[in-house]
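What the coordinates show
Spelled out, the chains give:
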Amino acid sequence: MRVLHTGPNRLGGGLHRGRARPLPGGGPRVDERQPLPLRRLYEHRHGDRADNGLPYRDITVSSEGLRVGALVRMSELAAHPDVRSQYPVIAQSLELGASAQLRNMASIGGNLMQRPRWPYFRDVHSACNRRSPGTGCDAIDGDNRMQAVLGGSAHCLATHPSDLAVALAALDAVVHLRGTDGARAVPVAEFFLRPGNTPYREQDLRPGELITSVHVPAGPHTRRSGYLKVRDRQSYEFALASAAVALDIRGGVIRGARVAVGGVATVPWRLPRVERALVGGRPGRATWTEAASRAADGARALSGNAFKIQLLERTVRRQLTTIGGR
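Here is a short report on the structure shown in this document. On a predicted model such as this, the values are computed, not experimentally measured, just so you know. The written sequence of each chain sets the order in which its residues are numbered from 1. In view of the model being predicted, local features appear only for residues whose pLDDT reaches at least 70, and side-chain atom pairs are presented and counted only at 80 or more, with totals across whole chains, interfaces and linings using the full set of residues. Side-chain descriptors were evaluated using all non-hydrogen atoms of the structure, hydrogens and water having been removed beforehand.

Think of a 1 Å grid over just the protein atoms. A cavity is a set of points where a 1.4 Å probe fits yet cannot get out, a pocket is an open set with protein on both sides within 12 Å along at least five of seven lines, and lining residues have an atom within 4 Å of a point. Grid points are joined across faces, edges and corners, and a volume is the space filled by probe spheres set on the points. Applying the stated criterion across every chain, the model contains four cavities of 30 Å³ or more. For the largest cavity, the calculated volume is near 120 Å³. Around the largest cavity, the lining comprises 16 residues; the ones closest to its centre are Tyr120, Phe121, Cys128, Gln147 and Ala158. We call Asp, Glu, Lys and Arg charged. Ala, Val, Leu, Ile, Met, Phe, Trp, Tyr, Cys and Pro are nonpolar, and the rest, Gly among them, are polar. Here the residues of the lining of the largest cavity are counted per class, giving 11 nonpolar, three polar and two charged. If you add up the space inside the second largest cavity, you get close to 90 Å³. Lining the second largest cavity are 13 residues, with Pro116, Arg130, His160, Glu202 and Thr266 sitting closest to its centre. Classifying every residue of the lining of the second largest cavity gives six nonpolar, four polar and three charged.

What follows is the structure, given as structure tokens:
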């Protein structure tokens, strides 16, 4: 196989090249530094670099919400003054992801399309149903400290790697797609697919489709929001647990709540039971503690990651306390 890089300057040029596959920034689809067997996982007969000439680079903030082009760089979106003031959870999730070098190059679309970063997926000698369907999952009985306690299946337990996706899930964002059959919009909650029996299907992206933009609806909760990431080290590390929280508090009462978590689930994971426990209550320690106690409902631990259940509850409680106390 070989990779041919071209630079389409319009969407049609990236969608109508037969066997072409777009390669947005932000995902390791082709990495010449990798050993050849692993590199072949990401090689294609032709590869359009979709980040050269296409127009999806705008950031628009209006009364209807935030719209972000798929080719906007992570660092650009994190630094945008309106995003920082009106959608702080998005800016914080971006700044806590990857490294400064990667954030300067990686696109929003590429970030959402990145694949699992865990060793069993990367090691071509290990059994991994995402990489090689039907081979099994070595993580189940192996080193599973980093694996998911929510949303997994007998076929896959890899956690979702994106911090931004957790923030977008909390804010009910919508992913806009365009393909040879036209345009469509998919809520973030439906865009990322749980592994089930088909762990190799990670996003609701049809053949020939591209992400063109992401829309985040406006609302009274977006300003009072934030992202907390707990990890083994303070930079360039994936989450053990994370929480994106957005609260609408008026007149001393919680009118609306949106909570999503990462690092513990196979997809960005909303916590509707936590949200229901918050709405109608008064901000305070008792409310945060009671709501957070429901964060790990349905969690199932493996031999090496039971600590994530308690860590998840503590992470949610801490972030509720931080955001609710503003």
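Whether two strands pair comes down to DSSP finding at least two bridges between them. Strands here are runs of E lasting at least two residues and helices are runs of H or I lasting at least four, both read from the DSSP assignment and numbered beginning at the N terminus. Reading across the sheet, the five strands line up as 4-5-8-6-7 and stay open at both edges, with antiparallel pairing between neighbours. In this open sheet, the two strands that pair with only one neighbour each are strand 4 (59–62) and strand 7 (182–187). Each strand axis lies, on average, 20° off the axis of its neighbour in the sheet, ignoring direction. Judged from the five bridges that link them, strand 5 (residues 65–69) and strand 8 (residues 210–217) form a sheet pairing that is antiparallel. Following the sheet pairing, Gly69 is matched in strand 8 by Ser213. Comment: axis = line fitted to C-alpha atoms, over the contacting stretch for helices; angle = value between 0 and 180 degrees taken between N-to-C directions.

Let us look at the side chain of Asn144. Checked against the element boundaries, Asn144 lands in the loop between helix 8 (119–122) and helix 9 (164–170). Here a polar contact is taken to be a pair of N or O atoms separated by no more than 3.5 Å, where protein atoms must pair a possible hydrogen donor with a possible acceptor and residues adjacent in sequence count only if both atoms sit in side chains. A polar contact of 3.1 Å, which involves the side chain of Asn144, links it to the backbone oxygen of Ala139. Side-chain polar atoms of Asn144 contact the backbone oxygen of Ile140, separated by 3.2 Å. Contacts are residue-level and defined by heavy atoms, with any inter-residue pair within 4.5 Å sufficient. In this view, Asn144 contacts Ala139, Leu302, Ser303, Gly304 and Asn305; residues no more than four positions away in its chain are not counted.

When a carboxyl oxygen of Asp or Glu is within 4 Å of a side-chain nitrogen of Lys or Arg, the pair counts as a salt bridge. Evaluation of the coordinates by the stated rule reveals 14 salt bridges. When salt bridges that share partners are traced, they join Asp172, Arg258, Arg270 and Glu275 into one network.

A few words on the nonpolar core. The definition of a nonpolar core used throughout is a set of buried Ala, Val, Leu, Ile, Met, Phe, Trp, Tyr and Cys residues joined through side-chain atoms within 4.5 Å. For each residue, the accessible area found with a 1.4 Å probe, counting protein chains only, is set against the maximum for its type, and the residue is called buried under 20%, exposed over 50%, and partly exposed in between. Ranked by internal contacts, the top residues of the largest apolar core, which has 72 residues, are Ile90, Leu278, Val316 and Leu320. What Leu320 contacts, discounting residues up to four positions off in sequence, is Val245, Leu247, Val259, Val274, Leu278, Trp288, Ala291, Ala292 and Gly325.

On to the pairing of strand 7. Sheet topology note: the strand 6 (residues 174–179)/strand 7 ladder contains six bridges and is antiparallel. For Leu177, the partnering residue across the bridge sits in strand 7 and is Arg184. Remark: two residues form the turn of the hairpin made by strand 6 and strand 7, two consecutive strands paired antiparallel.

Tracing the backbone shows Arg184 in strand 7. The class of Arg184 is buried, set by a relative accessible area of 17%. One polar contact links Arg184 to Glu209, side chain to side chain, over a distance of 2.7 Å. Contact partners of Arg184, with chain neighbours within four places excluded, come to Val175, His176, Leu177, Asp204, Leu205, Arg206 and Glu209.

Quick look at the state of the cysteines now. Disulfides are defined as cysteine sulfur pairs within 2.5 Å. Under the counting rule described, the total for this entry stands at zero disulfides. Among the cysteines around Cys137, which has no disulfide bond, Cys156 carries the closest sulfur, lying 5.8 Å off.

As a further point, take the packing of aromatic side chains. How two aromatic rings sit relative to each other is given by the distance of their centres and the angle of their planes. Any two rings among Phe, Tyr and Trp, with Trp reduced to its six-membered ring, count as a pair given centres within 6.5 Å; such a pair is stacked if its planes are under 30 degrees apart, edge-to-face if over 60, and tilted if neither. This model, assessed by the stated rule, comprises one aromatic pair. Note on Phe191 and Phe192: the rings are 5.2 Å apart at their centroids and 80° apart in plane angle, and the pair reads as edge-to-face. In this pair, the class of Phe191 matches that of Phe192, namely buried.

Let us look at helix 5 (residues 88–95). Side chains of residues three or four places apart in an α-helix project in the same direction, reflecting 3.6 residues per turn. In terms of residue burial, helix 5 counts as a mostly covered element, since six of its eight residues are buried. Buried residues of helix 5: Pro88, Val89, Ile90, Ala91, Ser93 and Leu94, and no others.

Interaxial distance between helix 12 (residues 285–292) and helix 13 (residues 307–324) falls to 9 Å at its minimum, and their mutual angle equals 145°. Here the hand of the crossing between helix 12 and helix 13 comes out right-handed. Between helix 12 and helix 13, the residues in contact are Trp288, Thr289, Ala291 and Ala292 and Glu313, Val316, Arg317, Leu320, Thr321 and Gly324, respectively. Crossing chirality is assigned from the near helix's rotation relative to the far helix, an anticlockwise turn below a right angle marking it left-handed and a clockwise turn marking it right-handed.

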